[in-house]
Amino acid sequence: MMDNNPEECSVCFNNYDDTLLRPRTLPCGHTFCSQCIDNAIKNGQLNCPSCRAQHTATAATQFLINYGMEALIRKLKSMEVVPVTTVPTKPNKAPTRGISKKLRSLVEEQKSSINSLITSCEEVLSQMGEYRGQLGDWKTQHLQLQDRLYALVEQNKSAMKLLELEDTSVVDMTTQGEEGKTQLQAMLGSLDTVNTAQEVDTTIDTADECSMKVEDWLQKCQELFPDVNTVHTSVKVQETIREALEMTTTETGATADPVHLGDSDSSIMTKVQEITGEIPQKEITVEDLRRMSEPVESLVEAGRVVAVKSLVEAGRVVAVKSLVEAGRVVAVQEDQDGRRSARITLQDGQLYLHPLLRQPTPAHAHTIQESDVVGVLDPSCTLAFLDLGWAGSTRGRVTIRLTPDTPLARQFVLLCTGQRGHTYRNTKLLMVVDKGRPGERVVGGDYESNDGEGGAPLLPDLQGQYQQSRQAGAVGSRWWPPGDPTSAQFIITTRDRQADQQWPYVFGDVVSGLDVVRAAVNHSDITEVTVVDCGVVLPL
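Everything quoted here is computed from the prediction, not taken from an experiment. (Residues numbered from 1 in each chain as written. Predicted model: local features only at pLDDT ≥ 70, side-chain atom pairs only at ≥ 80, totals over all residues. Heavy atoms only, no water.)

Engineer: Would you mind showing me how to read empty space enclosed by the protein here?
Structural biologist: Rolled over the atoms, a probe with the dimensions of a water molecule shows which regions are left empty. Summed over all chains, the structure comprises one cavity of 30 Å³ or more. Approximately 40 Å³ is the volume attributed to the largest cavity. Contributions of two or more residues to the lining of the largest cavity are made by helix H10 (407–417) and strand E15 (474–477). Ranked by residues supplied to the lining of the largest cavity, first place goes to H10 with three residues. Residues of the lining of the largest cavity, tallied by class, amount to six nonpolar, five polar and no charged. (1 Å grid on protein atoms, 1.4 Å probe; cavity = no way out; pocket = protein on both sides within 12 Å on 5 of 7 lines; lining within 4 Å. Points joined across faces, edges and corners; volume = space filled by probe spheres on them. Helix = DSSP H or I, 4+ residues; strand = E, 2+ residues; numbered from the N terminus. Nonpolar A, V, L, I, M, F, W, Y, C, P; charged D, E, K, R; others polar.)

Engineer: Help me understand the environment of Cys-12 in this model?
Structural biologist: Summarising the element assignment, Cys-12 is placed in the segment before strand E1 (23–25). On a C-alpha basis, the gap between Cys-12 and Cys-33 in space is 8.4 Å, while along the polypeptide they are 21 residues apart. Those residues within four positions of Cys-12 in sequence are excluded, and the remaining contacts are Cys-33 and Cys-36. (Contact = heavy atoms within 4.5 Å.)

Engineer: Whenever I open this one, the sheet that holds strand E2 (residues 31–33) confuses me. Can you help?
Structural biologist: Hydrogen bonds between backbone atoms are what pair the strands of a sheet, whose relative direction is either parallel or antiparallel. Taken together, the three strands give an open sheet; going across it, the order is E2-E1-E5, and neighbouring strands pair in antiparallel fashion. Strand pairing shows two members of the sheet lacking a second neighbour, E2 and strand E5 (64–65), which therefore form its edges. Direction of pairing for E1 relative to E5: antiparallel, over a ladder of two bridges. In the strand pairing of E5, Arg-24 is matched with Ile-65. Its contacts with the sheet place helix H1 (residues 34–42) against E1 and E2, and it is angled at close to 85° to E2. (Pairing = 2+ DSSP bridges. Axes fitted to C-alpha atoms, helices over the stretch in contact; angles between N-to-C directions.)

Engineer: Mind showing me how you'd approach the nonpolar core here?
Structural biologist: Within soluble globular proteins, side chains that are nonpolar tend to cluster in buried spots. Of all hydrophobic cores here, the largest spans 58 residues; its most connected members are Ile-344 and Phe-412. Ranked by the residues each element gives to this core, the list is headed by H10, at seven residues. Excluding residues within four positions of it along the chain, Ile-344 makes contact with Leu-289, Val-324, Val-329, Ala-331, Leu-351, Tyr-352, Leu-353, Ile-368, Val-373 and Leu-538. Counting residues in hydrophobic clusters, the runner-up holds 17 residues, among them Cys-33, Ile-41, Ala-57 and Met-69. (Core = buried A, V, L, I, M, F, W, Y, C linked by side-chain atoms within 4.5 Å. Buried < 20%, exposed > 50% of the residue type's maximum accessible area, 1.4 Å probe, protein only.)

Engineer: Please explain the packing of aromatic side chains as it appears in this structure.
Structural biologist: Within a pair of aromatic rings, the relevant descriptors are the distance that separates the centres and the angle that separates the planes. A full pass over the atoms with the stated rule returns six aromatic pairs. With a centroid separation of 5.6 Å and an interplanar angle of 75°, the aromatic rings of Phe-412 and Phe-490 are classed as edge-to-face. Of the two residues, Phe-412 is situated in helix H10 and Phe-490 in strand E16 (residues 490–493); the sequence distance between them amounts to 78 residues. Phe-412 sits in the buried class, given a relative accessible area of 1%. (Phe/Tyr/Trp six-rings, centres within 6.5 Å; stacked < 30°, edge-to-face > 60°.)

Engineer: What is the right way to read the layout of surface pockets from this model?
Structural biologist: Size it by volume and the second largest pocket reaches roughly 640 Å³. Arg-343, Asp-387, Thr-394, Val-532 and Asp-533 are the residues nearest the centre of the second largest pocket, which is lined by 22 residues in total. Broken down by secondary-structure element, the contributors of at least two residues to the lining of the second largest pocket are helix H5 (228–246), strand E7 (338–347), strand E11 (393–402) and strand E18 (530–538). The class makeup of the residues in the lining of the second largest pocket is five nonpolar, eight polar and nine charged.

Structural data, given as structure tokens:
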């Protein structure tokens with residue numbers, strides 16, 4: 001059925017505008033206003049009113065603005081403002097016969113130039129309208145973020161009120177305790193000075209009464225403190241705000257180097273994409289990641305034509321880096337059960353590949369094939385990492401060099417990246433062996449049952465040429481691999497062994513973070529230490 005009113009939303013029948021009723025296109029291709037899409041999301045089910053296709057989103061701003069529709073609306077409005085009947089028609093005049101051919105040629109040339117400028121004006125006006133639409137979209141997003149910030153502030157105020165009430169209760173109970181203690185001390189003095197049986201009976205009765213009050217006070221303190229809701233709320237609100245602050249730039253207020261857009265004839269929105277890092281193609285390549293480590297200056301070559309090309313390449317490098325820093329580049333793997341994705345992060349100039357998980361791909365994410373990323377790893381010298389944490393926070397990263405190329409090392413990589421569906425992520429350390437003695441070591445890696453009974457091998461044959469070591473920091477198999485059903489479990493040594501003893505089946509060594517492992521050894525309960533995250537370092 002043809003829509004005779006394209007300028008209005010087919011759900012609420014209101015005309016589109018550039019604020020709350022902006023036209024947005026769903027993945028199925030149909031367009032509705034932002035307000036109707038948000039209402040559908042709030043109701044818990046976003047089905048296209050036209051084709052009933054189901055979509056998933058948390059806000060209307062996740063869907064693209066239909067800039068073509070907005071351009072059409074602007075055109076319709078301009079036609080309404082200046083009706084055709086009000087424009088006086090001028091009869092075509094025959095060219096003046098008194099003008100020479102040369103002058104007539106100049107007139108035609110001028111007309112052509114003016115027409116060309118009119119066309120250019122129309123193109124730029126269209127771009128300006130599209131850019132204004134983008135600015136309006138950003139303003140809406142800023143308002144939404146502002147509302148969320150206000151909500152965080154209100155949560156913080158509520159947590160502080162709870163802390164103030166708890167502090168007042170503690171002060172009151174402390175005062176009562178001090179009074180009870182003073183009374184007990186006075187009773188000691190009274191008992192030392194009693195001389196008659198009647199004084200003894202009276203003083204003992206008073207002392208018993210005072211003791212009962214103090215015992216009642218002790219019991220109340222145990223029952224009242226700490227208030228679970230107050231402590232839990234305070235800790236969670238602090239963690240939430242810290243995470244929000246850590247996601248912001250560490251150089252707040254500093255002026256970033258401007259992106260050089262060159263002197264090309266790119267459209268306004270193309271330049272906006274260069275600045276924001278919204279590169280057109282969704283698929284990232286290994287070459288894009290590799291070139292991130294190259295200085296941008298090295299991409300600029302001599303010669304104007306080559307320089308323009310290099311500026312475009314340099315802009316892409318900057319764009320890809322900004323996408324990685326924003327957490328919008330993920331490695332993906334397709335299998336018979338669907339798609340899995342893995343984060344790629346940038347820290348201290350180093351790229352890290354995290355494990356594949358069965359999780360939704362982030363909105364507007366740019367993807368790269370997991371097989372392409374893993375393909376750059378050197379099997380003879382791969383760096384893997386384990387992030388250890390306890391008591392609700394990550395305590396540090398342990399980086400391990402896996403060498404040489406052995407089945408146990410390859411299996412460790414598989415369990416750090418999750419390529420076979422299993423991963424060391426969220427597994428706990430199982431025990432400390434020989435604590436405080438030579439050969440002290442921690443045991444972990446039971447990805448199956450997380451109690452030391454699991455950890456089956458992922459490779460059929462784990463035999464190979466392994467190293468031996470007596471040094472702290474050696475990483476090896478907990479059990480001898482041949483035929484062992486739990487050979488995916490590993491050990492990390494934290495103290496040297498005696499001179500006449502060495503660890504067999506060593507397939508790696510800790511290059512950084514051994515202090516984190518030693519801190520875990522000294523934790524009160526080693527089973528509370530968890531591999532919060534894991535993965536490999538990308539040598540790009």
